[in-house]
Amino acid sequence: MSETNERQYDILIWGVTGFTGTLVYEYFLEHGNEDLRVAVGGRNEEKIQKILDNYRDRYTQKVKKTGVFVCDSSDEKGLTEIVSKTLVVISTVGPFARYGEPIVAACANMGTDYCDITGELPWVNRMDRKYTEIAAKNKAHIVSMCGFDCIPSELGGLMVTKEIKDKYKLETRDLKATFFEYTFSPSGGTIETMFDVKLEKNIENDTYAYIERKKGIAGLFSMLKMFRVYYDRDFKRWQSVFPSAFVDIPVVLRTNHFNKYGSKFDYALTSSSKSIFGSIITTIAVIGFMTSIYIPIFGSIIRKLLPKPGEGPSLEQRVNGHLDFRLIGVSAPVSEKQPESSKKVYGRINISNDPGYLET
Ligand SMILES: NC(=O)c1ccc[n+]([C@@H]2O[C@H](COP(=O)([O-])OP(=O)(O)OC[C@H]3O[C@@H](n4cnc5c(N)ncnc54)[C@H](OP(=O)(O)O)[C@@H]3O)[C@@H](O)[C@H]2O)c1
């Protein structure tokens, strides 16, 4: 990151006209201190001005001081100029595989710190491969996945494995987490992105380079295992697949490669239900949704029923949303001769608002 006062703004919210971008701007208006130099950006000046007008009465001074940048996400020259005027970029312009690369490139080249809220793993890996070295040379940090993907898994994993290390001086062997109870609804941009991710064919990407993965038939079985319905005695609930698991699990395993939670570390992520029927319905819904992504005729019907880009959960839905995320870490045995001597650590992340749009 370059020196603070060399640049005109501290933070640029890129994609302020989107559902999530507007919420991010509102967060800074509400919580940012008076000295924070905030800028907003997007491709449509009229829409940006409407957002500012909406907040002008409530936060007159802060809105007056807000910098405005207008540029299309494909305009590399324009983006380079914009990011050179700020210390940090927060990007909410997605689907990221469609629109996200030029601003990452501009930040890496201009030494501007960057973070985003994507959950598009193949794209993140492509950016990692292309820009990490350039960013490091220019002292910029490129940090993706700072939203619901993968904050509960990453922070929960860090919390539990640290406790095992600090309290018992042991490695973690198994970590399992479950969305124990939750209510939240996706925005239109997230739905659009889920239908977009399939376009990114290169699934054999760098995240997996850090992970020992089963290949062939064994790999297929371990994938299918994620769709099983079973009762977990520790969580005392029925378990089924949770869609984020396909992103969060490889990301947490990658983090283990760098943070060294354990040499035989494994991570499982599921969704809990009180009854077996709840778990079966969740599994059918997830399989149905995933199938619709790949079968255009189903996809077009499902998309008609779901929020469109720019739309998302209402304020009432966001305030009434919640998440109870529970984790259990099991250490390596104290002695290899006594496999039952492992220690167990319980973790919990309790969020009392919508976890995707108010809290993460
Ligand atoms: N991980 C998480 O927890 C999480 C949570 C929320 C969202 N997300 C992700 O964040 C992304 C945004 O979601 P959302 O619901 O906020 O979407 P959205 O409402 O559709 O907003 C998309 C934004 O991108 C802008 N945009 C699109 N094309 C552009 C271009 N060519 N140049 C410049 N700007 C462009 C849009 O501008 P216009 O307004 O001018 O169209 C808008 O500001 C999605 O990929 C979603 O999956 C992740």
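Predicted model only: the values in this text are computed from it and were never measured.

### Here we look at the overall build of the protein chain
Of regular secondary structure, the protein chain possesses 16 helices and 12 strands. Each principal axis of the C-alpha distribution contributes one length, and for the protein chain these read about 65 × 45 × 40 Å. When each of the 360 residues of the protein chain is scored for burial, the buried share is 46%. Charge separation in the protein chain, taken as the distance between the mean sites of 47 positive and 45 negative side-chain charges, equals 5 Å.

### Focus: the pattern of salt bridges
What the rule picks out here adds up to 16 salt bridges. Across the salt bridge formed by aspartate 234 and lysine 344, the nearest N and O atoms sit 2.8 Å from each other. You can see aspartate 234 sitting in the loop between β8 (230–232) and β9 (237–240) and its partner lysine 344 sitting in strand β12 (residues 344–351), a full 110 residues away along the chain. Taking relative accessible area as the criterion, lysine 344 reaches 39% and is therefore assigned partly exposed. Shared partners join several salt bridges into a network, and the residues in it are Lys176, Asp232, Asp234 and Lys344.

### Some thoughts on the sheet that holds β9
Where strands meet in a sheet, backbone hydrogen bonds hold them as pairs that are either parallel or antiparallel. Here 6 strands make up an open sheet; going across it, the order is β8-β9-β10-β7-β11-β12 and the pairing mixed. Single-partner strands in this sheet number two, and they are β8 and β12. Direction aside, the axes of adjacent strands within the sheet are offset by 35° on average. Note that strand β7 (residues 172–183) and strand β10 (residues 266–273) share 6 bridges and pair parallel. Its bridge partner being in β10, threonine 178 is matched across the sheet by threonine 270. Those strands touched by helix α13 (residues 276–294) are β9 and β10, and its axis lies near 15° from that of β9.

### Remarks on the environment of tyrosine 25
Along the chain, tyrosine 25 turns up in helix α1 (residues 19–31). Exposure remark for tyrosine 25: the relative accessible area of 1% places this residue in the buried category. Taking C-alpha positions, tyrosine 25 is 9.8 Å from tryptophan 14, a pair spaced 11 residues apart along the chain. Among residues more than four places away in sequence, those in contact with tyrosine 25 are Ile13, Val16, Val38, Val40, Ile51, Leu52, Tyr55, Val63 and Thr66.

### Here's the deal with the side chain of threonine 193
Among the secondary structure elements, threonine 193 is positioned in helix α9 (residues 188–197). In terms of polar contacts, threonine 193 uses its side chain to reach the backbone carbonyl oxygen of glycine 189, at 2.6 Å. Every residue in contact with threonine 193, bar those within four places of it in the chain, is listed here: Gly94, Pro95 and Glu120.

### Overview of the domain arrangement of the protein chain
Looking at the assigned domains, one finds that the protein chain contains domain 1 (4–143) and domain 2 (151–359). The centre of domain 1, based on its C-alpha atoms, is set 28 Å off from the matching centre of domain 2.

### Brief notes about the site of the ligand
Neighbouring residues of the ligand: 28 residues in total, closest Thr17, Arg43, Phe148, Ser187 and Thr193. In the environment of the ligand, an oxygen atom lies 2.5 Å from a nitrogen or oxygen atom belonging to the side chain of serine 187. Among the elements of the structure, α1, α5 (96–99) and α9 are those that each provide at least two residues to the shell around the ligand. Per-class residue counts for the shell around the ligand are 9 nonpolar, 14 polar and 5 charged. Looking at which domains feed residues into the shell around the ligand, each of domain 1 (4–143) and domain 2 (151–359) supplies at least three.

### Let's talk about the environment of glycine 67
Inspection of the secondary structure assignment puts glycine 67 in strand β3 (residues 67–70). Judged by its relative accessible area of 4%, glycine 67 is buried. Between the C-alpha atom of glycine 67 and that of threonine 255, which follows or precedes it by 188 residues, the distance is 36 Å. If we ignore the near neighbours within four places in the chain, the residues touching glycine 67 are Tyr9, Val38, Ala39 and Val40.

### Details of the sheet that holds strand β4 (residues 86–91)
Read from one edge to the other, the open sheet built from 6 strands follows the order β3-β2-β1-β4-β5-β6, with strand pairing classed as parallel. Each edge of the sheet is formed by a strand with only one pairing partner; in this case those strands are β3 and β6 (142–143). Of the strand pairs in this sheet, β4 and strand β5 (residues 113–116) are connected by 4 bridges, and their pairing is parallel. Its bridge partner lying in β5, valine 89 is registered against tyrosine 114. Docked against the sheet, α1 engages β1 (9–14), β2 (38–42) and β4, running at close to 150° with respect to β1.

### Let's talk about the nonpolar core
Residues Trp14, Val89, Ile103, Tyr114, Trp123 and Met145 are the most contacted members of the largest nonpolar core, which totals 30 residues. When contributions to this core are tallied by element, the ones reaching two or more residues are β1, α4 (76–83), α6 (101–110), α7 (121–137) and α12 (245–259). Setting aside residues no more than four positions away along its own chain, tryptophan 14 makes contact with Gly41, Gly42, Cys71, Ser73, Leu79, Val89, Ile90, Ser91, Thr92, Val93 and Ile103. The next biggest cluster of nonpolar side chains, apart from the first, holds 22 residues, and it includes Leu175, Ile249, Leu323 and Val345.

### Some thoughts on the UniProt feature "transmembrane region" (unreviewed entry) in the protein chain
The UniProt record marks residues 276–298 with the feature "transmembrane region" (unreviewed entry), using the residue numbering of this structure. This span, residues 276–298, is 96% helix and 0% strand, and a straight line between its end C-alpha atoms measures 27 Å.

### Describing the pairing of β5
Taken together, the 2 bridges between β5 and β6 define a ladder with parallel strand orientation. Within the sheet, the bridge partner assigned to cysteine 115 lies in β6 and is valine 143.

Conventions and cut-offs
Residues numbered from 1 in each chain as written. Predicted model: local features only at pLDDT ≥ 70, side-chain atom pairs only at ≥ 80, totals over all residues. Heavy atoms only, no water. Helix = DSSP H or I, 4+ residues; strand = E, 2+ residues; numbered from the N terminus. Buried < 20%, exposed > 50% of the residue type's maximum accessible area, 1.4 Å probe, protein only. Lys, Arg positive; Asp, Glu negative; His and termini not counted. Charge placed at Lys NZ, Arg CZ, Asp CG, Glu CD. Salt bridge = Lys/Arg side-chain N within 4 Å of Asp/Glu carboxyl O. Pairing = 2+ DSSP bridges. Axes fitted to C-alpha atoms, helices over the stretch in contact; angles between N-to-C directions. Contact = heavy atoms within 4.5 Å. Polar contact = N/O pair within 3.5 Å; in protein donor to acceptor, adjacent residues only side chain to side chain. Domains from an automatic or database assignment. Near = heavy atom within 4 Å. Nonpolar A, V, L, I, M, F, W, Y, C, P; charged D, E, K, R; others polar. Core = buried A, V, L, I, M, F, W, Y, C linked by side-chain atoms within 4.5 Å. UniProt positions renumbered as here; feature names shortened; annotations may be inferred.

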